[in-house]
Amino acid sequence: MFCIGHGYDAHKLVNSRKLILGGVEIPHTHGLLGHSDADVLTHALTDALLGATALGDIGRHFPDTDERYEDADSLQLLQQTDDILRRHGWTLSNADCTILAQAPKLTPFIPAMRRNLAEALHTPVENISVKATTEEGMGFTGRCEGIATHAVVLLKRL
């Protein structure tokens, strides 16, 4: 048996934060605003995993009203999500993620992002796809106001 899930996340770019995507700190003039490290890639993937099995979403399991998650490392939350899925009899088959960002250029950082996500999910890196695209200056990502990510996952029974 298989389950498919989709996740989406977006955060505003601000001056006073680091830019973290897929657990990788990326040199940039701005970072993402959020309660945790605001890693939109990892958040979208977490939501896709939880959604595939109807186990809620990232906000249900790791609420931004809980001080334990302030400035949290999203890769650790992803690893906890993997533990939840395994307890319910599921494991990742593959994931496909697309980051929407006008800047900075993300291609050089994608291999490290893939490795980090694969390690957190206890899966081979070949099961994790990460891509980046711009929106040609359109919308909030195109105007460099924020970064968004879509993630799609396929889960299989253990």
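Here is a short report on the structure shown in this document.

Here is what the cut-offs are and how they apply
Residues numbered from 1 in each chain as written. Predicted model: local features only at pLDDT ≥ 70, side-chain atom pairs only at ≥ 80, totals over all residues. Heavy atoms only, no water. Helix = DSSP H or I, 4+ residues; strand = E, 2+ residues; numbered from the N terminus. Rg over C-alpha atoms; globule rule 2.2 N^0.38 Å. Buried < 20%, exposed > 50% of the residue type's maximum accessible area, 1.4 Å probe, protein only. Contact = heavy atoms within 4.5 Å. Pairing = 2+ DSSP bridges. Axes fitted to C-alpha atoms, helices over the stretch in contact; angles between N-to-C directions. 1 Å grid on protein atoms, 1.4 Å probe; cavity = no way out; pocket = protein on both sides within 12 Å on 5 of 7 lines; lining within 4 Å. Points joined across faces, edges and corners; volume = space filled by probe spheres on them. Nonpolar A, V, L, I, M, F, W, Y, C, P; charged D, E, K, R; others polar. Expected span 1.5 Å × (residues − 1). Arc of directions from axis to C-beta. Polar contact = N/O pair within 3.5 Å; in protein donor to acceptor, adjacent residues only side chain to side chain.

So, about the overall build of the protein. Summing up its helical and strand segments, the protein has five helices and seven strands in all. By the compact-globule yardstick of 15 Å for 158 residues, the protein fits well, its C-alpha radius of gyration being 15 Å. Based on the C-alpha atoms only, the size of the protein along its principal axes is roughly 45 × 35 × 25 Å. Out of the 158 residues belonging to the protein, those deemed buried represent 48%. Contacts spanning at least 24 positions in sequence make up 72% of the contacts within the protein whose residues lie at least 6 apart.

This part takes up the sheet that holds strand 4 (residues 31-32). In space, the five strands of this open sheet follow the order 4-1-7-5-6, with mixed pairing throughout. Each edge of the open sheet is held by one strand with a lone partner, namely strand 4 and strand 6 (128-133). One ladder, built from six bridges, connects strand 5 (residues 90-100) with strand 6; its direction is parallel. Residue pairing for strand 6: cysteine 97 is matched across the bridge by valine 130. Sheet strands in contact with helix 1 (residues 40-52) are strand 1 (2-14), strand 4, strand 5, strand 6 and strand 7 (146-157), and its direction is about 150° off that of strand 1. Where helix 4 (residues 110-120) meets the sheet, it contacts strand 5 and strand 6, and its direction lies at approximately 145° from that of strand 6.

Attention now goes to the layout of surface pockets. Space inside the largest pocket adds up to approximately 240 Å³. As for the largest pocket, its lining consists of 15 residues, and the residues nearest its centre are Ser36, His43, Ile58, Phe62 and Asp64. Elements with a minimum of two residues in the lining of the largest pocket: strand 1, helix 1 and helix 2 (58-61). In terms of residues, the lining of the largest pocket owes the most to one element, strand 1, which gives three residues. In the lining of the largest pocket, the residues fall into six nonpolar, six polar and three charged.

All right, on to the pairing of strand 1 then. Bridge analysis of strand 1 against strand 7 gives eleven bridges, and the strand direction is antiparallel. Bridge pairing links phenylalanine 2 to lysine 156 in strand 7. In this sheet, strand 4 lies alongside strand 1 in antiparallel orientation, the contact comprising two bridges. If you follow leucine 13 over to strand 4, its bridge partner there is leucine 32.

A separate point is helix 3 (residues 74-87). Its 14 residues give helix 3 an end-to-end C-alpha distance of 20 Å, which sits within 8% of 20 Å, the value for a rise of 1.5 Å per residue. Within the sequence span of helix 3, burial applies to Ser74, Leu75, Leu77, Leu78, Thr81, Asp82, Ile84 and Leu85. The arc that holds every buried residue of helix 3, seen down its axis, measures 165°, which confines them to one face. Next to the buried residues of helix 3 lie helix 1, helix 2, strand 5, helix 4 and strand 7. Two to three positions downstream of the cap, the backbone nitrogen of leucine 75 sits 2.9 Å from a side-chain oxygen, assigning the N-cap of helix 3 to aspartate 73. Following helix 3 by one or two positions, glycine 89 has its phi on the positive side, about 90°.

The end-to-end C-alpha separation of helix 1 is 18 Å, in line with the 18 Å expected for 13 residues at 1.5 Å each. Counting buried positions along helix 1 yields twelve of 13 residues, so the element is predominantly enclosed. Within helix 1, burial applies to Val40, Leu41, Thr42, His43, Ala44, Leu45, Thr46, Asp47, Ala48, Leu49, Leu50 and Ala52. Within two residues after helix 1, alanine 54 carries a phi angle of roughly 55°, on the positive side.

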